[in-house]
Amino acid sequence: MNQQQIQDYLAASAQERVYSVDEANRPLEVVRRGEVRERGLITRCTYVFVFNALGELCMHQRTLHKRLYPGYWDVAAGGIVEAGESYAEGAARELEEELGVSGVPLREHFHFYYNAPESRLWGGVFSCRWDGPIRMQPEEVMAVRWVDPHQPWRREGEFYSPDSLLALELLMSSITPEVFQ
């Protein structure tokens, strides 16, 4: 992507309409996505953990122009739920946009609250099994790899999105092994 395409993408993203919610995940108002950070609002987000038949987890590296955690590795596909969408609809949309995965059943696990200086959100956690091709969205994803989530997989010198790491930790402690098969 050239600089103009990046600027156009970021400007369009900032105009997306999303829910602002309270600490109990109750909708308060619909706002522009760009207002969320400016005003320190809480929003809704999805995390979709993609496993293959071997039980490996698909992770992707965020592009360098992402507003939050640029260049970090992310263990889940996902993003902010748009106004008018359910968590499940947002999860399916984000999975198709980021990784090109569509038409796959999503298993909803739980919701959790994430509160950090750079991001406050209610996350909806999903998983799916996918053995097909991955089609990376160039605006958001610059690399993909599969890892065994039951073995040490973090690499020295790499950074990882802390919100999706928390979602993965919560998922791994709450699910049974058949999810990975």
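Above this text sits the structure in question.
Residues numbered from 1 in each chain as written. Predicted model: local features only at pLDDT ≥ 70, side-chain atom pairs only at ≥ 80, totals over all residues. Heavy atoms only, no water.

Student: Explain the overall build of the protein to me, please; I cannot follow it from the model alone.
Tutor: Across its full length, the protein carries four helices and eight strands. When the helices and strands of the protein are listed from N to C terminus, the series reads α-β-β-α-β-β-β-α-β-β-β-α. For a compact globule of 181 residues, the expected C-alpha radius of gyration is about 16 Å, and the protein comes in at 16 Å, within 12% of that figure. For the C-alpha atoms alone, the extent of the protein along its principal axes is close to 40 × 40 × 35 Å. Long-range pairs, those at least 24 residues apart, make up 63% of the contacts in the protein with a sequence separation of at least 6. Total accessible area on the protein is roughly 9,100 Å²; 50% of this is exposed by carbon and sulfur atoms. Taking the 18 positively charged and 27 negatively charged side chains of the protein as two groups, their mean positions are separated by 3 Å. (Helix = DSSP H or I, 4+ residues; strand = E, 2+ residues; numbered from the N terminus. Rg over C-alpha atoms; globule rule 2.2 N^0.38 Å. Contact = heavy atoms within 4.5 Å. Areas by Shrake-Rupley, 256 points an atom, 1.4 Å probe, with all protein chains shown as cover. Lys, Arg positive; Asp, Glu negative; His and termini not counted. Charge placed at Lys NZ, Arg CZ, Asp CG, Glu CD.)

Student: How should I be thinking about the pattern of salt bridges in this particular structure?
Tutor: Once their charged atoms are close, side chains differing in charge can pair, the charge on each being opposite to the other. The full count for this structure, using the stated rule, is 13 salt bridges. Note that Glu-16 and Arg-33 form a salt bridge whose closest N and O atoms lie 3.0 Å from each other. Residue Glu-16 is found in the loop between helix H1 (3–15) and strand E1 (17–21), and its partner Arg-33 is found in helix H2 (residues 33–39); the two are separated by 17 residues along the sequence. With a relative accessible area of 26%, Glu-16 lands in the partly exposed category. Residue Arg-33 is classed as partly exposed on the basis of its relative accessible area of 25%. A salt bridge links Arg-145 to Glu-158; its shortest N-O distance comes to 2.6 Å. Within this pair, whereas Arg-145 is found in strand E8 (residues 141–147), its partner Glu-158 is found in the loop between E8 and helix H4 (162–174), the two being separated by 13 residues in sequence. One continuous salt-bridge network, built from bridges that share partners, spans Glu-82, Glu-85, Arg-93, Glu-94 and Glu-97. (Salt bridge = Lys/Arg side-chain N within 4 Å of Asp/Glu carboxyl O. Buried < 20%, exposed > 50% of the residue type's maximum accessible area, 1.4 Å probe, protein only.)

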